[in-house]
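# Remarks on the overall topology
One-letter residues, chain by chain:
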Amino acid sequence: MGLVQTVLVVILGAAACAVAAAAANPATLNPDGVAYALVAEHVAEGRFGLAVTGYWGPLLPWTAAPLVAWAQLSPELAVRIVVAMSTAVFAGGAALWLSACGLGPGVTVTGTLLCAATGVAWSQFAVTPDLFLAGFTAGGAALLLRAFERPRMRRFAAAGALFGCAYLSKGVGLPASVLAIAAVGHLEWWSGRTSRRESIRRSAQTAGALLAVSLPWILVISIDHGSPVFSTAGAFAHAAVGPGDVDRFWPTFRTFHVPEAGRVTSWEDPSALEPLSWSPFASLGHAWHQVRVAFVNCVRIVGFLRDFDAIGLLAALTALAAVAARKRYATELWRWSGAVVVALCALYVPVFADSDRYFWVAFPFLLSGAFGMASRIANDHLVERWLGRAVVAASVVVVLLPSRIEGHILDGPDRPGLARAFSPPEDARWNSALAAADAIRTEDLRGPVCGDTREAMIAAFLLRRPCHGEMTKPAPADLLASGAEVFVLRDGGPAHQAVRTDPAFRQVPLAHPARVVVYAARVGGKTR
């Protein structure tokens, strides 16, 4: 079996395993997944006005829509299956990059297998387009390298098209693609492989193809938003790390509000609520705050990259590869991986960067740098050849072992190991939301839902009724003024303690243990 056939078998096998795991464990959905599922449902049912959002990329929900419309799958299962299929894109992009770096068939197959196995694990624990983003970015960078080697317009167009798909996956894909194109183009010139003028011209051709793929969606969301915009997510990500004089987190989870007509939650299009934006140029204090945010994020990002394996070998060797002599950059393209990693990670330095899934895009580049550097160390006889291979093999093994990275805000396993992909841990948030939804349905309670926890939004999604938002510590008066009639609260939380003795509320019994309680509002002594 040849290299291409072997890689294809690995990629298709990984995608099949991921889809099987998703189908076997369908009863879980993270808050982002709720938004993607609802957008997919809008597309499937022809409500295209509600399906247009400047916050979420269109690729995931619009790909899931046919599964909802034609295969009659539930929206929550459809988006999970599409994310499982993104494992193939992730592994395929990694294979293209490893091959383009000239690391040899053995490394290409090994790296593809590692990315495929890692993608299976990552695809099971969150509905997110980050695997799409990583695969398309790596694939675009690989085709760009190939295009520089043998310049043809169609090759630059193909690279730009993959970068365009990265943008359609996730808004950050547009600046990430521009930085990746700039990094590769600069290195082509800096290493002496092409002239500066030719590098700029070829990079511009690739950027033109990127724009051709991206522009239709940019026009759609700009018209919907009322001003030129390629994504509204960046404004919220920057607002969330602002000075602590007020709570600047996403308003969906900090305020009570009525979502747009036809929507279950404002999280389907958070841009309907303006973020509490701030500027580092407004004052010296704001500028210093931005510097602190950048420093903390740099430390955090290095930690995330290190934690992609248990001993941090991938990040360490890739960093070592990036500081080599200039002459080696011309012949050993895997050394370019470090520069691309820095370019991609730099986007998150000034904004919210509290989840390692944001940096999955760096994983294929870390692999190529690590494998290349370990091979170079062994070939230069700095260590015995067998020792270099053993260290790389050990890193491959530890990447696949179970691990748990606790997010600063996100409570869940962002990067579990492959061993837990087919038997995931109980999702307490999803199970609690199910219990709350069952109780509301059993009691035949009507009206919108709100609360002080994510379970409120998920329960509203399961019931397909409006969610009027979330507040951290709402008073009873805040709950009554929200316009909601059913309240899902953290068991033992401040809101629960406040309403349990308030005659304006009646507790609803739950049939199953949960970490939430449900209350209904009373009017004139009767439950609404």
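Residues numbered from 1 in each chain as written. Predicted model: local features only at pLDDT ≥ 70, side-chain atom pairs only at ≥ 80, totals over all residues. Heavy atoms only, no water.

## Some points on a nonpolar patch on the surface
Worth spelling out the cut-off: Put simply, a patch holds well-exposed residues, over 30% relative accessible area, that have no salt bridge, with like charges counted together within 9 Å and Val, Leu, Ile, Met, Phe, Trp or Tyr side chains within 5 Å. Per-residue accessibility takes into account occlusion by the displayed protein chains alone, with areas from the Shrake-Rupley method and a 1.4 Å probe. A pair is scored as a salt bridge if a Lys or Arg side-chain nitrogen falls within 4 Å of a carboxyl oxygen belonging to Asp or Glu. Numbering of helices and strands runs from the N terminus; a helix is a DSSP stretch of H or I covering at least four residues, while a strand is a stretch of E covering at least two.
Among the surface-exposed residues, V4, L8 and L12 lie close enough to one another that they form a single nonpolar patch of about 310 Å² accessible area. With respect to the helices, strands and loops of the structure, L12 is situated in helix α1 (residues 3–24).

## Remarks on the confidence of the model for the chain
Just so we agree on the cut-off: Values of pLDDT, the confidence the predictor places in each residue, fall between 0 and 100. For this analysis, residues touch if any pair of their heavy atoms sits within 4.5 Å.
Averaged over all residues, the pLDDT of the chain is 89; the fraction at 70 or higher stands at 90%. In this model residues 404–414 is a low-confidence stretch, pLDDT under 50, and it forms 24 contacts with partners more than four residues away in sequence or in other chains.

## Quick word on helix α4 (residues 59–69)
The following threshold applies: Each residue gets one of three labels from its accessible area relative to the maximum for its type: buried under 20%, exposed over 50%, partly exposed in between, using a 1.4 Å probe on protein chains only. Note that the arc is defined by the directions from the helix axis to the C-beta atoms.
Along α4, the positions that sit buried rather than exposed are L60, P61, A64, A65 and V68. Projected down its long axis, α4 carries its buried residues within an arc of 135°, all on one side.

## Notes on the packing of aromatic side chains
Operational definition: Stacked, tilted and edge-to-face are the three classes assigned to paired rings of Phe, Tyr and Trp, where Trp is represented by its six-membered ring and a pair needs centres within 6.5 Å; plane angles under 30 degrees give stacked, over 60 edge-to-face, the rest tilted.
Tallied over the entire structure, the rule returns 26 aromatic pairs. For the ring pair F132 and F136, a centre distance of 6.2 Å and an interplane angle of 10° mean the geometry is stacked. Residue F132 and its partner F136 are located together in helix α7 (residues 130–149), separated by four residues, close to a single helical turn. Relative accessible area serves as the criterion here: at 8%, F132 is assigned to the buried category. Judged by its relative accessible area of 14%, F136 is buried. Here the aromatic rings of Y358 and F359 are separated by 6.4 Å at their centres, their planes lie at 65°, and the arrangement is edge-to-face. The burial state of Y358 is the same as that of F359; both residues are buried.

## Focus: the nonpolar core
Heads up, the rule is: We call a set of buried residues a nonpolar core when its members are Ala, Val, Leu, Ile, Met, Phe, Trp, Tyr or Cys and they connect through side-chain atoms within 4.5 Å of each other.
Ranked by internal contacts, the top residues of the largest apolar core, which has 127 residues, are V79, W250, L305, F359 and F363. For this core, the element with the highest residue contribution is α7, accounting for 12 residues. Look past the residues within four positions of W250 in its chain and what remains in contact with it is Y55, F236, A237, A240, W267 and F352. Judged by nonpolar contacts, the second largest core, of 13 residues, contains L479, A495, F505 and V517.

## Overview of helix α2 (residues 31–44)
Cut-off, in case you're wondering: Residue count minus one, scaled by 1.5 Å, sets the expected span of a helix.
Its 14 residues give α2 an end-to-end C-alpha distance of 20 Å, which sits within 8% of 20 Å, the value for a rise of 1.5 Å per residue. Along α2, 13 of the 14 residues are buried, which leaves the element largely enclosed by surrounding structure.

## Brief notes about the pattern of salt bridges
Evaluated as defined, the whole model comprises 24 salt bridges. A salt bridge links R254 to D247, with the nearest nitrogen and oxygen atoms 2.6 Å apart. E470 is the partner of R454 in a salt bridge, and the nearest nitrogen-oxygen pair spans 2.7 Å. Pair noted here: R454 is in helix α19 (residues 454–463) and E470 is in strand β2 (residues 467–470), with a separation of 16 residues, a long-range link. Put simply, D32, D130, K170 and R357 are held in one network by salt bridges that share partners.

## With respect to the packing of helix α8 (residues 153–169) against helix α10 (residues 196–225)
Our working rule: All axes here are fitted lines through C-alpha atoms, helices being fitted over the stretch that makes contact, and every angle between N-to-C directions spans 0 to 180 degrees. In this scheme the handedness of a crossing depends on how the near helix is turned from the far one: anticlockwise by less than a right angle means left-handed, clockwise means right-handed. Asp, Glu, Lys and Arg are counted as charged, while Ala, Val, Leu, Ile, Met, Phe, Trp, Tyr, Cys and Pro are counted as nonpolar; the rest, among them Gly, fall into the polar class.
At a closest axis distance of 7 Å, the pairing of α8 and α10 adopts a crossing angle of 35°. Here the hand of the crossing between α8 and α10 comes out right-handed. Of the residues in α10, those touching α8 at M153, F156, A157, A159, G160, A161, F163, G164, C165, Y167 and L168 are R202, Q205, T206, A209, L210, V213, S214, W217, I218 and I221. Of the residues assigned to the contact of α8 with α10, the class counts are 15 nonpolar, five polar and one charged.

## What to know about the side chain of S169
For clarity, the cut-off: We call two N or O atoms a polar contact when they sit within 3.5 Å, provided that within protein one can donate a hydrogen and the other can accept it, with sequence-adjacent residues counted only if both atoms are side-chain atoms.
Positionally, S169 belongs in helix α8. Note on S169: relative accessible area 1%, which makes it buried. A distance of 2.8 Å separates a polar atom in the side chain of S169 from the backbone oxygen of C165. If sequence neighbours within four positions are ignored, S169 has contacts with G57, L59, P129, F132, L133 and F136.

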